[in-house]
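# Observations on the model geometry
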Amino acid sequence: MDLAYIPSPSTGVIHLGPIPLRGYAFCIIIGVFVAVWYGNKRWIARGGTAGTVADIAVWAVPFGLVGGRLYHVITDYQLYFSEGENWVDAFKIWEGGLGIWGAIALGAVGAWIGCRRRGIPLPAYADAIAPGIALAQAIGRWGNWFNQELYGRPTDLPWALKITEGVNRDAGTYHPTFLYESLWCVGVALLVVWADRRFKLGHGRAFALYVAAYCAGRGWIEYMRVDEAHHVLGLRLNVWTAIVVFVLAVVYIVVSSRLRPGREEIVEPKAEKKAEASEEAGDSEEAGKPDASADTGSGTGSDPDAVDLGKDGTNGKEAGHGAGKS
């Protein structure tokens, strides 16, 4: 008898009249908002302007969604193009199926377009949004919970995930791999924030650290999953992808730190020009103000000995007369 387990929702869709509200979509949307919000805070702290992250996200997010879906459909083509399947289902993104590898790859293309339009270096932008992306993944993984998908092997652990009978799934309790990955992504975000503060990561190294750390976790979590997947040399395709991307990320960190050490001083030329204009305006205002030290009657000249030499309040001149009389 199972004494404790994580229950699955009875449905992943709530109908508000004729409008279906899907838990999977909500998780993706909330994750995007969190990534943009936190990325904006980090971008401003790096010297950028407010709103830049959101403007570039307008390009990156759609590209990322298309890339994530393409990766899933290509690597799991049998779900849509084999005999008896309907290829139209490949467009039903609300039913689940986004590959993070494709999302990051094509999302980077969209971000590059947005950065190029604003004259911003892509590596600096990537560093700013890296922990936000990890948090977005942590939130987005709960969409798998709503859809009762991507769970692991059967288990009777207290935190097992209870799956109900459904299409292509058997009722039982399984490892909640969605939860493992969600918690891992939170840890990745914290790691990147700490390392960025400690080592002043720049030129894309914070983003590369996020990629490497995520891949390290995705490898063992992917190995636990029992959903259908292609295998190469006995390992799931996504495990091999995680290994290859991890190695590439580590190589980038090492090579980049040698070729371009330190952090970018200017991440957004527009913000730098605004700061310079503000300083020039301030200097002009200061130049127009009268110099208080030029007023000899105020007693605040450059000679400090000319003020209040006597305890009785007499100035230096009166004190001199008193000394002559004695």
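Shown above is the structure to which this text applies.
Residues numbered from 1 in each chain as written. Predicted model: local features only at pLDDT ≥ 70, side-chain atom pairs only at ≥ 80, totals over all residues. Heavy atoms only, no water.

### Observations concerning the pattern of salt bridges
Within the structure shown, the criterion is met by twelve salt bridges. Linking E264 and R46 is a salt bridge whose minimum nitrogen-to-oxygen distance equals 2.9 Å. In this pair, E264 is assigned in the loop between α9 (237-259) and α10 (269-288) and R46 in the loop between α1 (23-45) and α2 (52-75), connecting sequence segments 218 residues apart. As far as burial versus exposure is concerned, E264 and R46 are alike and both buried. A salt bridge links E268 to R118; the nearest nitrogen and oxygen atoms lie 3.6 Å apart. (Salt bridge = Lys/Arg side-chain N within 4 Å of Asp/Glu carboxyl O. Helix = DSSP H or I, 4+ residues; strand = E, 2+ residues; numbered from the N terminus. Buried < 20%, exposed > 50% of the residue type's maximum accessible area, 1.4 Å probe, protein only.)

### A word on the packing of aromatic side chains
As enumerated under the stated definition, the model contains twelve aromatic pairs in all. Consider the rings of W142 and W145, whose centres lie 5.6 Å apart with planes at 80 degrees: the pair is edge-to-face. With a gap of three residues between them, W142 and W145 both fall in helix α6 (residues 142-147), about one helical turn apart. Measuring from centroid to centroid gives 4.6 Å for Y151 and Y174, while their planes differ by 40 degrees, and the two rings are tilted. With Y151 in the loop between α6 and β3 (161-163) and Y174 in strand β4 (residues 172-174), this pair connects stretches of sequence that are 23 residues apart. (Phe/Tyr/Trp six-rings, centres within 6.5 Å; stacked < 30°, edge-to-face > 60°.)

### What about the packing of α2 against helix α4 (residues 100-118)?
As a packed pair, α2 and α4 sit with axes 6 Å apart at the nearest point and diverge in direction by 150 degrees. Classed by the angle they form, the pair α2 and α4 counts as roughly antiparallel. When you trace α2 past α4, the crossing you get is right-handed. Among the residues forming the contact of α2 with α4, the class breakdown is 13 nonpolar, eight polar and three charged. (Axes fitted to C-alpha atoms, helices over the stretch in contact; angles between N-to-C directions. Parallel < 35°, antiparallel > 145°, perpendicular 65-115°, else oblique. Left-handed = near helix turned anticlockwise from the far one by under 90°. Nonpolar A, V, L, I, M, F, W, Y, C, P; charged D, E, K, R; others polar.)

### Describing the layout of surface pockets
Considering only enclosed or pocket space, the second largest pocket measures out at about 190 Å³ in volume. Lining the second largest pocket are Y38, K41, R42, A45, R46, D196, R197 and R263. Top contributing element to the lining of the second largest pocket by residue count: α1, with four residues. (1 Å grid on protein atoms, 1.4 Å probe; cavity = no way out; pocket = protein on both sides within 12 Å on 5 of 7 lines; lining within 4 Å. Points joined across faces, edges and corners; volume = space filled by probe spheres on them.)

### Focus: the nonpolar core
Of all hydrophobic cores here, the largest spans 38 residues; its most connected members are W43, W101, Y125, V192, F207 and Y210. Those elements that provide at least two residues to this core are α2, α4, α5 (122-140), α7 (177-199), α8 (205-224) and α9. When sequence neighbours within four positions are dropped, the list of residues in contact with Y125 reads W43, V53, I56, A57, A111 and C115. (Core = buried A, V, L, I, M, F, W, Y, C linked by side-chain atoms within 4.5 Å. Contact = heavy atoms within 4.5 Å.)

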